[in-house]
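The chain contents come next:
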Amino acid sequence: MDVVEMTLDVMKYAINRITQTSPELGHPKKEEELRGLVGETITPDGIGGEKAFQLFRDVLVKATVPIDHPRHLAFVPASPTRAAVMFDLVTSASSIHGAYWMEGAGGIYCENEAMKWLVSLTGLPEGAFGVFTSGGTAANLSAMVTAREAWRSVCGEHNRDRGLIITSIGAHSSIKAMAKVIDADVYLVDSEDRLTQEGLRYTIDHLSDEQRNRLFAVVATGGTTNAGIIDDLDGIAGICKKEQLWFHVDAAYGGGALAADSVRHLFRGIESADSITIDPHKWLFSPYDCGAVIYKKPELARKAHAQEGSYLDIFKDEGAQGFNPADYQIQLTRRVRGLPLWFSLAMHGTKMYKEAVERGIELAKIAANLIEENPDLELVREPGLSCVLYRRKGWTPDDYTNWTYKNHKAGLALVTPTKWKNGDTYETVSRFCFINPDTTEEDIKMILDTMK
Ligand SMILES: Cc1ncc(COP(=O)(O)O)c(C=O)c1O
């Protein structure tokens, strides 16, 4: 098979795949089973493009769950636009190095245009800006490093102190994980519900002097992963300002909803953040992997992240000057991963994005109504953004697990259980997270019908 033929085959597959609105809901197989089906694929002489592609297309990809399936409503799914997926191919084909303007100017220009729109959604003041990262975890880490460095730079006495961050148990697991990376402690406010101004005030007032001395940041969530809850951003901003603490808002999942007029008011206070995480690969219809970190004062990020080396000096020279994404987050060599978002935004316009996000919120309301009408089911709480937590009366945790596997195996849906903190105990419940605007009311009914 020559290169042209292979390219055509690959393009044919890609076009087929993105025009399918309901791709097969794949199912994982054990590694030994996959090996048995495809044999050795990495050999001294190669197995040839045709064979390798056939194994991928006919066997391996079928052992994956398409994240954009309209009945994949687990975790935080995704639903990249066709335009963005096609442009992901163009991004790869263009071989652009996205670290420095000198090499990547045209690509970085496009990323920055998309970034301007993201920044405008936040309401941050003039001068605020950001970069695209590999995802929310990398964005949170980049922001936390910037916050820690800013804290230490103000007062040299903290240079040897282990920092302390306050967040709530509703925060995403990546906050705790990235605190480990920066060797900081995390104080968790024990509420899965909205972190309030009063809750934060109480927590700070009850820290020991030693803890207060090490406290440098508060991480609020703009749409919790589990339930779509938005913390009291305005109240938290006020305390952070008074206490001179870095205010980070993790809106990796919920950030897309900044575009939705129906819920924008819930984010009041986000415009006071020092940094914000938004994942276009979650609710802004970009393919993986595309996160974003935005700073009120990008120069603080540059101080924290810009790498130095004699081989890099030329990039900082007058002649090469421009915006260098490598200076604002943890990664040096980087794909211009904001390009697919730029193309899709440029093609469709921001109004379509608004409507598609509103549809996710509407689907959550439709699901809530169907649940309320069903005597076997009960809402755990009102939907938060596009997340719905509900229980099947009388079910044990095992019933939820078995139901998930049964529906997945049947190729019907992927809907997974989660836990909700009820007083002192955690209750296992079921959860929908709507991202894909092509999910229908019929899809939801079909899934709920299997809970009889
Ligand atoms: C609120 C929040 N923050 C951070 C993350 C981590 O993002 P990523 O998986 O892109 O690293 C997630 C993922 O679901 C999330 O929901």
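Residues numbered from 1 in each chain as written. Predicted model: local features only at pLDDT ≥ 70, side-chain atom pairs only at ≥ 80, totals over all residues. Heavy atoms only, no water.

- An unreviewed UniProt entry lists the protein chain under the name Glutamate or tyrosine decarboxylase, from Sinomicrobium oceani.
- Comment text from UniProt for the protein chain, heading Cofactor (unreviewed entry), reads "pyridoxal 5'-phosphate".
- Entered under Sequence similarities (unreviewed entry) in the UniProt record, the comment concerning the protein chain runs "Belongs to the group II decarboxylase family." (UniProt positions renumbered as here; feature names shortened; annotations may be inferred.)

## Details of the pairing of strand β4 (residues 215–221)
Move 1: By the criterion of burial, β4 is predominantly enclosed, with 7 of the 7 residues buried.
Move 2: Where strand β2 (residues 164–168) and β4 come together, 3 bridges link them in parallel fashion. By the bridge assignment for β4, Leu164 is matched with Leu215.
Move 3: At this point the chain moves from β4, through helix α10 (residues 233–243), to the parallel strand β5 (residues 246–251), and the crossover so formed is right-handed. (Buried < 20%, exposed > 50% of the residue type's maximum accessible area, 1.4 Å probe, protein only. Helix = DSSP H or I, 4+ residues; strand = E, 2+ residues; numbered from the N terminus. Pairing = 2+ DSSP bridges. Right-handed = clockwise from strand over helix to strand, strands pointing away.)

## Quick word on the pattern of salt bridges
A side chain with one charge may pair with a side chain of the opposite charge, provided their charged atoms come close.
Move 1: Applying the stated criterion across every chain yields a total of 31 salt bridges.
Move 2: In this structure, Asp88 engages Arg335 in a salt bridge whose closest nitrogen and oxygen atoms are separated by 2.7 Å. Highlighted residues: Asp88 in helix α4 (residues 82–94) and Arg335 in the loop between α12 (298–305) and α13 (339–348), separated in sequence by 247 residues.
Move 3: By relative accessible area, Asp88 is classed as buried at 18%.
Move 4: Residue Arg335 is classed as partly exposed on the basis of its relative accessible area of 28%.
Move 5: Residue Glu427 is joined to Arg391 by a salt bridge in which the shortest nitrogen-to-oxygen separation is 2.6 Å. On the criterion of sequence distance, the pair formed by Glu427 in strand β11 (residues 425–433) and Arg391 in strand β9 (residues 387–392) is long-range, its members being 36 residues apart.
Move 6: Among the charged side chains, a salt-bridge network with shared partners connects Arg162, Asp183, Asp185, Glu210 and Arg214. (Salt bridge = Lys/Arg side-chain N within 4 Å of Asp/Glu carboxyl O.)

## A look at helix α6 (residues 136–154)
What sets the pattern is the α-helix's 3.6 residues per turn: residues three or four places apart point alike.
Move 1: When the terminal C-alpha atoms of α6 are compared, their 27 Å separation across 19 residues agrees well with the 27 Å that a helix rising 1.5 Å per residue should span.
Move 2: Judged by how many residues are buried, α6 sits mostly within the fold: 15 of 19 residues are covered. (Expected span 1.5 Å × (residues − 1).)

## Details of the UniProt feature "modified residue: N6-(pyridoxal phosphate)lysine" (unreviewed entry) in the protein chain
Move 1: Mapped onto this structure's residue numbering, the UniProt feature "modified residue: N6-(pyridoxal phosphate)lysine" (unreviewed entry) falls at Lys282.
Move 2: Within the secondary structure, Lys282 sits in helix α11 (residues 280–283).
Move 3: Not counting residues up to four positions away in its chain, the partners in contact with Lys282 are Val76, Pro77, Ala78, Ala252, Tyr253 and Ile435.
Move 4: At 2.4 Å, the side chain of Lys282 and the side chain of Asp279 are in polar contact. (Contact = heavy atoms within 4.5 Å. Polar contact = N/O pair within 3.5 Å; in protein donor to acceptor, adjacent residues only side chain to side chain.)

## Describing the sheet that holds β11
Move 1: The strand order across the open sheet built from 4 strands is β8-β9-β11-β10, with neighbouring strands paired in antiparallel fashion. Each of the sheet's edge strands pairs with one partner strand only, and the pair in question is β8 (377–379) and β10 (417–422). Direction aside, the axes of adjacent strands within the sheet are offset by 50 degrees on average.
Move 2: By the bridge criterion, 4 bridges tie β9 to β11 in an arrangement that is antiparallel. (Axes fitted to C-alpha atoms, helices over the stretch in contact; angles between N-to-C directions.)

## Observations concerning the environment of Ala306
Move 1: Summarising the element assignment, Ala306 is placed in the loop between α12 and α13.
Move 2: In the structure, Ala306 is positioned 24 residues away from Ile330 in sequence and 8.7 Å away in space, judged by C-alpha atoms.
Move 3: When residues no more than four places from it in sequence are discounted, the contact partners of Ala306 are Ala301, Lys316 and Asp327.

## Comments concerning the nonpolar core
Move 1: Ranked by internal contacts, the top residues of the largest apolar core, which has 88 residues, are Leu118, Phe247, Ile276 and Trp283.
Move 2: Two domains each donate at least three residues to this core, and these are domain 2 (88–348) and domain 3 (350–449).
Move 3: When neighbours within four sequence positions are excluded, Phe247 is seen to be in contact with Val218, Ala220, Leu233, Ile236, Ala237, Cys240, Gly269, Ser272, Ala273, Asp274 and Ser275.
Move 4: Judged by nonpolar contacts, the second largest core, of 23 residues, contains Ala364, Ile371, Ile444 and Leu448. (Core = buried A, V, L, I, M, F, W, Y, C linked by side-chain atoms within 4.5 Å. Domains from an automatic or database assignment.)

## Comments concerning the site of the ligand
Move 1: Residues in close proximity to the ligand total 14 residues, the closest being Gly136, Thr137, Thr225, Asp250 and Asp279.
Move 2: Here Lys282 contributes a side-chain N or O atom positioned 3.0 Å from an oxygen atom of the ligand.
Move 3: Burial of the ligand by the protein amounts to 84% of the accessible area it has alone, namely 390 Å².
Move 4: When residues of the shell around the ligand are traced back to their parent elements, those giving at least two are α6 and α11. (Near = heavy atom within 4 Å. Areas by Shrake-Rupley, 256 points an atom, 1.4 Å probe, with all protein chains shown as cover.)

## Examining a nonpolar patch on the surface
Move 1: On the surface, Met11, Ile15 and Leu89 cluster together into a nonpolar patch covering about 230 Å² of accessible area.
Move 2: Structurally, the position occupied by Leu89 is in helix α4.
Move 3: The partly exposed category is assigned to Leu89, whose relative accessible area is 36%. (Patch = residues over 30% accessible without salt bridge, like charges linked within 9 Å, V, L, I, M, F, W, Y side chains within 5 Å.)

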